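Each chain is listed here by its residues.
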Amino acid sequence: MDTQSTRLSLPSEPRTFGFYVDGAEVPAGGRDVFERNSPGHDVPVTRIPKCTPADLDDAVDAARRAFDDRRWSGLNGQARAAVLLRAGALIRERAEEIAYWETLENGKPISQARGEVAGCADMFDYASGLARSLHGDSFNNLGDGMFGLVTREPVGVVGIITPWNFPFLILCERVPYILASGCTIVVKPSEVTSATTLILAQILTEAGLPAGCMNVVTGSGSTIGQALIEHPRVDMLSFTGSTAVGRRVVEAAGKSNFKKLGLELGGKNPQIVFADADLEDAADGVAFGIAFNTGQCCVSGSRLIVERSVANEFAQMVQDKLAKAVVGDPLDEATQVGAITTDAQNRTIMDYIAKGQAEGARLICGGEALDMGRGQYIAPTIFGDVTPDMAIAREEIFGPVLTILPFDTVDEAISIANDTEYGLAASVWTKNIDKALMVTRRVQAGRFWVNCTLAGGPELPLGGFKQSGWGREAGIYGVEEYTQVKSVHIEIGKRTPWIA
Ligand code: TXE
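Please set out the packing of aromatic side chains residue by residue, giving values where relevant.
Using the criterion set out here, one finds five aromatic pairs in the structure. Considering the side-chain rings of W164 and F398, the 5.5 Å spacing of their centres and the 75 degrees angle between planes classify their relative orientation as edge-to-face. Separated by 234 residues along the polypeptide, W164 in the loop between strand 8 (157-161) and helix 5 (167-172) and F398 in the loop between helix 13 (391-394) and strand 19 (401-407) bring together distant segments of the chain. The burial state of W164 is the same as that of F398; both residues are buried. With a centroid separation of 6.2 Å and an interplanar angle of 25 degrees, the aromatic rings of F166 and F292 are classed as stacked. Taken together, the residues F166 in the loop between strand 8 and helix 5 and F292 in the loop between helix 10 (279-291) and strand 14 (303-307) connect sequence positions 126 residues apart. Clustering of aromatic rings is evident, with ring pairs tying together F166, F288 and F292. In this structure, R80 is placed above the aromatic ring of W72, and the distance from its NZ or CZ to the ring centre is 5.9 Å.

This is the structure we're talking about:
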C-alpha cells in the first residue's frame, strides 16, 4: 500500500487467509473459499475458507482440551495479564495492517478504523489489570464454627459470533475480558468480515497465549454459526447481531445444553434534544450519531426526539452539518462516511427510505444512493413529519437515516423514547441538570450519554435493556459475565453431631 498519498491503494490481489485451530493457521486446502469484495470499490480483497462442521468440532475440541487441562485458567493472574499486555502491544505494532483490512472488508473510513484499532489495544491493556484483580468474597460473620467464601471460576469454552459492522472492535470488547476470566474461545466472525479476527488469532499466539485458547472458524451463519450455537460442548455463547438470529440462539441453547448466553441485539436509540441544550454541540452530536459508520451501529442515534419550539431550527442545523460530512472512498484519509457494508444492507436501507416516503414522512435531505463510480454509498438522510407508528420510527434501519419526532414536555420525551421494543442506548442534550438526570433515570437503555453520544471505552460496560439483549460486555462486569460463582462453606473445629 502507498502510505505517502492521502489515499491508500487497493491490494494488487486478494489476501488469502486460513482459519485458526489449536494455535495454528489451517489453510483452506480443498474447502470452498469465500471471496470478499470491498464494498467501497467492488474489487476482491480477501479469500476466506468456508469451514465445515467437522472443522468446528476440531476447534471446540481444541478449546475444550485447553480449558479442561487448565493450561490457561490454571495460570496466575499475573501470567495471564502478561499475555494480554503483549497482545495489546502487538495490536499497536500491526495497527496499520489491521485498520487497512478492516476498511477493505467493511467499507468504513480508514481514519475511523485506525481509531477503533487503537481503542482495541487499550481494551487489552485494561483487561490485563482485571485478570489480576478479579476476586471473590468472604464471609467472616457466620460464627466461630463456619467460614464462607465466594469464588469466581471461568465458565469454560466460550463461543463468540460477531457481526460485520465493527468486526475488530466488537471482538475486542469481548476477547480480552473472556481471556482475563480464564475461559477459552471459539469465534465465528461474520462471513464478510473475517480478516481482522484471523489476524487477532495470530497476534494472541505470538503474545504467548497457549494453543487452543483462541480458535477461529470461518463460514456462514446458517452452517457454522448454527452449529456453534447448538454445540453441546460450548459452555457459553456471546452473540452480537440481529434480533431474529438472537431468537434462534436462545432456542438453540434451550435445545442443547442450556449454555449461558450473552446477547447484544438491535437498537432504535433516542437522541433527546431540549431547547435549552447547546444546540450547536447537539447538532454536531446528532449528525455524528447517525452518520458514524454509515449508521450501521447498534447504538446509532436514529430517533431525534426534539423539543417542538426548536425542532425546525434544529433540523436545519443537523442538515447543515450532514451536508458537510465527507462521504467517499474509505481508503481516503479525509473520508468521514464510507460505504454500506453488504449488498443486502444496502437494499434494506433503500427499502426503508422508500417506505418512509410511502408512509407520508417528509424527506428533508439525502434519500438517495451516491454514485462514486464504484462501490455502494447512501447519502445521510433525514425524515421529518414522522409519527411514532411509522416503520421508520420503530424498526432498526441500520443505515444513515434519521427520523425526527417532536415533543412538548419532559414526560412526553421520555414516553416517546421508551416507546420501542429496544433499549440499547440513549442520549440527552440539555444544560439543565434536573432534566438530564430525570431523563437518564427514566429512559430504559443500557448505555446513556449526557451531552455526548457514542462515547465508550474499556472501563464502562455495554449491553441492552428489553429486547436489545442479555448481559454486559467490557469493564469488570464484562469479566464477571464469563465467570460463575461458587459458594464454599468451611467448618472450623469439631462438628456438632447430628447423630449423638
Ligand atoms: O445479521 P445476522 P445480518 C441487525 C441490523 C441488520 C440486521 C441483519 O438491523 O440490518 O441485523 O444483519 C451469524 N446461527 N444487526 O443479517 O444475520 C452471521 O454469520 C448462528 C445488528 O448480517 O444476525 C454473523 O456472524 N449465527 C447488529 C452474525 O450472526 C448466525 C449487528 C450476525 O449476522 C446465524 C449486525 C444462525 N442461524 C446486524 N445466522 C448489532 N447489534 O450491532 C447468521 N449468523
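How would you explain the layout of surface pockets if you had to name every residue and give the values?
Volume-wise, the largest pocket comes out at about 830 Å³. Lining the largest pocket are 38 residues; nearest its centre among them are P163, W164, G241, S242 and V245. Residue assignment for the lining of the largest pocket shows that the elements contributing at least two residues are helix 8 (221-230), strand 11 (236-240), helix 9 (243-255) and helix 12 (343-358). Of the residues that make up the lining of the largest pocket, three or more belong to each of domain 1 (15-265 + 468-486) and domain 2 (270-450). There is about 490 Å³ of room inside the second largest pocket. Along the walls of the second largest pocket sit 24 residues, with L169, E173, R447, L454 and G456 positioned nearest its centre.

So, the domain arrangement of the chain: which residues are in play, and what are the values?
When the parts of a complex come together, some accessible area is lost, and that lost area is often used as the size of the interface. For the chain, the domain assignment lists domain 1 (15-265 + 468-486) and domain 2 (270-450). Summarising the inter-unit geometry, the C-alpha centres of domain 1 and domain 2 are found 31 Å apart. Contact with domain 1, which involves 28 residues of that partner, is made by 28 residues of domain 2. Summed over both sides, the interface of domain 1 with domain 2 buries roughly 2200 Å², with 55% coming from carbon and sulfur. Counting the surface domain 1 buries against domain 2, the share from its top three residues, H41, W164 and S468, is 27%. Our count for the domain 1 to domain 2 interface comes out at one salt bridge. Close ionic contact of E333 with R114 constitutes a salt bridge, the shortest N to O distance being 2.7 Å. Our count for the contact surface shared by domain 1 and domain 2 stands at 14 residue pairs in polar contact (both at pLDDT 80 or more).

A description of the site of the ligand should follow, citing residues and the corresponding values.
Not every one of the 25 residues close to the ligand is listed here, only the nearest: W164, K188, S242, Q345 and E396. For the ligand, an oxygen atom lies 2.6 Å from a polar atom in the side chain of K188. One can see that the ligand is located within the largest pocket. Elements with a contribution of two residues or more to the shell around the ligand: helix 8, strand 11 and helix 9. Sort the elements by how many residues they give to the shell around the ligand and helix 8 lands first, with four residues.

Provide a residue-level description of the sheet that holds strand 1 (residues 15-16), including the pertinent values.
The pairing of strands in a sheet happens through backbone hydrogen bonds and is either parallel or antiparallel. Spatially, three strands are ordered 1-5-4 in an open sheet, and the strand pairing comes out mixed. Since the sheet does not close on itself, it has two edges, and those belong to strand 1 and strand 4 (33-37), each with one partner. Sheet topology places strand 4 next to strand 5 (residues 44-49); five bridges connect them, and they run antiparallel. Pairing of V33 across the sheet is with P49, part of strand 5.

Could you give an account of the nonpolar core, naming the residues involved and the relevant values?
Ranked by size, the top nonpolar core spans 71 residues in total, and within it I91, F124, F168, V175, L200, L204 and M214 carry the most contacts. Filtering out sequence-adjacent residues up to four positions away, F124 remains in contact with L84, A87, G88, I91, C172, V175, P176, L200 and L204. Among the nonpolar cores identified, the runner-up in size contains 29 residues, and V310, V337, C365 and I404 belong to it.

So what's going on with the packing of helix 10 against helix 11 (residues 311-324)? Residues and values would help.
Orientation of helix 10 relative to helix 11, taken along the N-to-C sense of each, is 55 degrees, at an axis distance of 9 Å. With respect to helix 11, the element helix 10 is oriented oblique. Seen along the crossing, helix 10 lies across helix 11 with a hand that is right-handed. Together, L279, E280, A282, A283, D284, V286, A287, I290 and A291 of helix 10 and E313, F314, M317, V318, K321 and L322 of helix 11 make up the contact between the two elements. Among the residues forming the contact of helix 10 with helix 11, the class breakdown is eleven nonpolar, no polar and four charged.

What counts and how
All residue numbers here refer to positions counted from 1 along the written sequence of the relevant chain. For a predicted model such as this one, the threshold for reporting local features is a pLDDT of at least 70, and the threshold for listing and counting side-chain atom pairs is 80 or more; totals across whole chains, interfaces and linings nevertheless cover every residue. Excluded from the side-chain calculation are hydrogens and water; included are all heavy atoms of the structure. Pairing of aromatic rings covers Phe, Tyr and Trp, the last counted by its six-membered ring, and requires centre-to-centre distances within 6.5 Å; plane angles under 30 degrees mean stacked, over 60 mean edge-to-face, and any other angle means tilted. Under the DSSP-based scheme used, a helix requires at least four consecutive residues in state H or I and a strand at least two consecutive residues in state E, with every element numbered from the N terminus. For the exposure calls, accessible area comes from a 1.4 Å probe over protein chains only, and a residue counts as buried if that area is under 20% of its type's maximum, exposed if over 50%, partly exposed in between. Two conditions define a charge sitting above a ring: the NZ of Lys or the CZ of Arg must be within 6 Å of the ring centre, and it must be within 35 degrees of the ring normal. Computed over the protein atoms alone on a 1 Å grid, cavities are sets of points where a 1.4 Å probe fits but cannot get out and pockets are open sets with protein on both sides within 12 Å along at least five of seven lines; a residue lines them when it has an atom within 4 Å of a point. Grid points are joined across faces, edges and corners, and a volume is the space filled by probe spheres set on the points. Where each domain starts and ends comes from a domain assignment, either automatic or drawn from a database. In what follows, a contact means two residues having at least one pair of non-hydrogen atoms within 4.5 Å. Summed over both partners, the accessible surface that disappears when two parts come together, traced with a 1.4 Å probe, is what is meant by buried area. Any carboxyl oxygen of Asp or Glu that lies within 4 Å of a side-chain nitrogen of Lys or Arg is treated as forming a salt bridge with it. We define a polar contact as two N or O atoms separated by no more than 3.5 Å, with the added condition that, inside protein, one atom must be a possible hydrogen donor and the other a possible acceptor, whereas residues neighbouring each other in sequence contribute only through side-chain atom pairs. In these notes, residues near a molecule or strand are those with any non-hydrogen atom within 4 Å of it. Assignment to a cavity or pocket requires that more than half of a molecule's atoms be within 2 Å of the site's grid points. When DSSP locates at least two bridges between a pair of strands, those strands are taken to pair. What is meant by a nonpolar core is a set of buried Ala, Val, Leu, Ile, Met, Phe, Trp, Tyr and Cys residues, joined one to another through side-chain atoms within 4.5 Å. Fitted lines through C-alpha atoms give the axes, limited to the stretch in contact for helices. The angle between two N-to-C directions lies from 0 to 180 degrees. What sets the label is the angle itself: under 35 degrees gives roughly parallel, over 145 gives roughly antiparallel, 65 to 115 gives roughly perpendicular, and the rest give oblique. Note on convention: near helix rotated counterclockwise from far helix by under a right angle means a left-handed crossing. Clockwise means right-handed. Gly is placed with the polar residues, together with every amino acid not listed as nonpolar (Ala, Val, Leu, Ile, Met, Phe, Trp, Tyr, Cys and Pro) or charged (Asp, Glu, Lys and Arg).

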